[in-house]
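Coordinates in review
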Amino acid sequence: MLLKENMTIVSQVEIAPRIYEMVLRGDLVEQMTIGQFLHIRVPDASKLLRRPISISQVDKEKKEATLVYRIEGAGTEIFSQLSSGDSLDCMGPQGNGFSIDFLKADDTALIVGGGIGVPPLVELAKQLHERGVRVTAVLGFANKDAVILAEELSRYADVTVTTDDGSYGIKGYVSTVIDEMTQTFDAVYACGAPGMLVYVDRKFEKHPHAYISMESRMACGMGACYACVVHLRDQSSAANKRVCEDGPVFETGSIILE
Ligand SMILES: Cc1cc2nc3c(=O)[nH]c(=O)nc-3n(C[C@H](O)[C@H](O)[C@H](O)COP(=O)(O)OP(=O)(O)OC[C@H]3O[C@@H](n4cnc5c(N)ncnc54)[C@H](O)[C@@H]3O)c2cc1C
Ligand code: FES
């Protein structure tokens, strides 16, 4: 069932240049699972398409969800100008998120995040930690100013940060760190820029429990318009998958990445 609600903005703060953390309150929070997103209407009559934003953290008791987004264009710019007490028309929670049910205490998980792909990984790390799973996170950012949520993640995971220019943490990409690791993991989860997803997809192609969370341009956000289609790597199958409905999380090795 597709749900829609005018959620109330509880707070909004700029946590890094042009990156905002917004807390929303509403009944939709009760339905949220890890790795899903909200499809949010821009409060501007000239913008018909909703904007998809991942759910970063969930507090079901308070009925609050935290989103972290970067200003990309006009829609996210308008989101950033809203303040507490304002409301946002949200559809969702939408999509197939991260599965963690197969993991048990003392299993190990690797989380790989890049830039504005890090937000949905926070709730994932929290829930893995609650299960007793030992979580290692490797996060990559362009530079020191762009580093977000590393502190939040370090509550639940052993975190290593890389920056492209070496202005914070280890200089290089997440691959610089991951390629040196000798440990194996029971599960791998990634969300970030396309280049990072290609790396994780190849590196963990045959892993039985490795997942990447994809982005794509969206229109309806509910599986009807096929604007967000990705193609399966299996040539014998003609089926496409929709990022909004079948994803955004897919198994490594299953999708053709650009
Ligand atoms: C499943 C999913 C989860 C996402 N989670 C986050 C998140 O947690 N934080 C965050 O900062 N961003 C996230 N994004 C990207 C975010 O949706 C875009 O940055 C945003 O829609 C840009 O809107 P705009 O009006 O500011 O920019 P404009 O460029 O003006 O957008 C114009 C149109 O393009 C679409 N669009 C533009 N960029 C993207 C994009 N990368 N993905 C999908 N549609 C796009 C918009 O929805 C809109 O219809 C996510 C995208 C997807 C698909
Ligand atoms: S955006 Fe319409 S099917 Fe995905």
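Thresholds, definitions, all that
- Residues numbered from 1 in each chain as written.
- Chains lettered and ligands numbered in written order.
- Predicted model: local features only at pLDDT ≥ 70, side-chain atom pairs only at ≥ 80, totals over all residues.
- Heavy atoms only, no water.
- 1 Å grid on protein atoms, 1.4 Å probe; cavity = no way out; pocket = protein on both sides within 12 Å on 5 of 7 lines; lining within 4 Å.
- Points joined across faces, edges and corners; volume = space filled by probe spheres on them.
- Helix = DSSP H or I, 4+ residues; strand = E, 2+ residues; numbered from the N terminus.
- Nonpolar A, V, L, I, M, F, W, Y, C, P; charged D, E, K, R; others polar.
- Domains from an automatic or database assignment.
- Pairing = 2+ DSSP bridges.
- Near = heavy atom within 4 Å.
- Polar contact = N/O pair within 3.5 Å; in protein donor to acceptor, adjacent residues only side chain to side chain.
- Areas by Shrake-Rupley, 256 points an atom, 1.4 Å probe, with all protein chains shown as cover.
- Sits in = over half its atoms within 2 Å of the grid points.
- Salt bridge = Lys/Arg side-chain N within 4 Å of Asp/Glu carboxyl O.
- Buried < 20%, exposed > 50% of the residue type's maximum accessible area, 1.4 Å probe, protein only.
- UniProt positions renumbered as here; feature names shortened; annotations may be inferred.
- Contact = heavy atoms within 4.5 Å.

1. Here we look at empty space enclosed by the protein
Considering all chains together, one arrives at one cavity of 30 Å³ or more under this definition. Put simply, the largest cavity is a space of about 50 Å³. As for the largest cavity, its lining consists of Met 32, Thr 33, Ile 34, Gly 35, Ile 55, Val 58, Glu 123 and Gln 127.

2. Notes on the layout of surface pockets
Size it by volume and the largest pocket reaches roughly 1400 Å³. Taken together, 44 residues form the lining of the largest pocket, with Pro 52, Glu 72, Glu 215, Ser 216 and Arg 217 sitting closest to its centre. The set of elements that each furnish at least two residues to the lining of the largest pocket consists of β4 (51-54), β6 (64-70), α1 (74-80), α2 (119-130), α5 (194-203) and β14 (229-231). Ranked by residues supplied to the lining of the largest pocket, first place goes to β4 with four residues. Across the lining of the largest pocket, the residue classes tally to 24 nonpolar, 13 polar and seven charged. Summarising the domain contributions, the lining of the largest pocket has at least three residues from each of domain 1 (4-94) and domain 2 (108-212). One number sums up the size of the second largest pocket: a volume of about 360 Å³. In terms of lining residues, the second largest pocket is bounded by 22 residues, among which Gly 115, Gly 140, Phe 141, Ala 142 and Asp 164 are the most central. Within the residue set of the lining of the second largest pocket, elements represented by two or more residues are β9 (134-141), α4 (174-178) and α5.

3. Let's talk about the pairing of strand β10 (residues 158-163)
The side chains of a regular strand alternate between both faces of the sheet. Pairing analysis gives six bridges linking β9 to β10, with the strands arranged parallel. Counterpart to Thr 136 in the pairing with β10 is Asp 158. In terms of strand pairing, β10 meets strand β11 (residues 170-171) through two bridges, oriented parallel. Bridged to Thr 163 within β11 is Lys 171.

4. Some words on the site of ligand 1
The local shell around ligand 1 holds 20 residues, among which Pro 52, Arg 70, Thr 76, Ser 216 and Arg 217 are the closest. One of the backbone nitrogen or oxygen atoms of Pro 52 is found 2.6 Å away from an oxygen atom of ligand 1. Expressed as a share of its isolated accessible area of 830 Å², the protein-covered part of ligand 1 is 85%. Given that more than half its atoms are within 2 Å of the pocket grid, ligand 1 belongs to the largest pocket. When residues of the shell around ligand 1 are traced back to their parent elements, those giving at least two are β4, β6 and α1. Sort the elements by how many residues they give to the shell around ligand 1 and β4 lands first, with four residues. Classifying every residue of the shell around ligand 1 by side-chain character gives nine nonpolar, five polar and six charged.

5. What about the pattern of salt bridges?
Counted according to the given criterion, the structure contains 17 salt bridges. Linking Asp 27 and Lys 63 is a salt bridge whose minimum nitrogen-to-oxygen distance equals 2.8 Å. With Asp 27 in the loop between β2 (19-25) and β3 (37-40) and Lys 63 in the loop between β5 (57-59) and β6, this residue pair connects regions lying 36 residues apart in the sequence. By relative accessible area, which is 44% here, Asp 27 ends up partly exposed. Under the relative-accessibility criterion, Lys 63 is labelled partly exposed at 30%. The closest approach of N and O atoms between Glu 72 and Arg 70, which form a salt bridge, is 2.8 Å. The exposure class assigned to Glu 72 is exposed, which follows from its relative accessible area of 57%. Members of the salt-bridge network, linked through shared partners, are Lys 4, Arg 41, Arg 50 and Asp 89.

6. Digging into the UniProt feature "binding site: FAD" (unreviewed entry) in the protein chain
Those residues carrying the UniProt feature "binding site: FAD" (unreviewed entry) are Arg 51, Pro 52, Ile 53, Ser 54, Val 68, Tyr 69, Arg 70, Gly 75 and Thr 76 in this numbering. Among the residues just listed, Arg 51, Pro 52, Ile 53, Ser 54, Val 68, Tyr 69, Arg 70, Gly 75 and Thr 76 line the largest pocket. Tracing the chain through its elements places Pro 52 in strand β4. What makes Pro 52 partly exposed here is its relative accessible area of 34%. What Pro 52 contacts, discounting residues up to four positions off in sequence, is Phe 37, Leu 38, His 39 and Met 218. Residue placement: Gly 75 occurs in helix α1.

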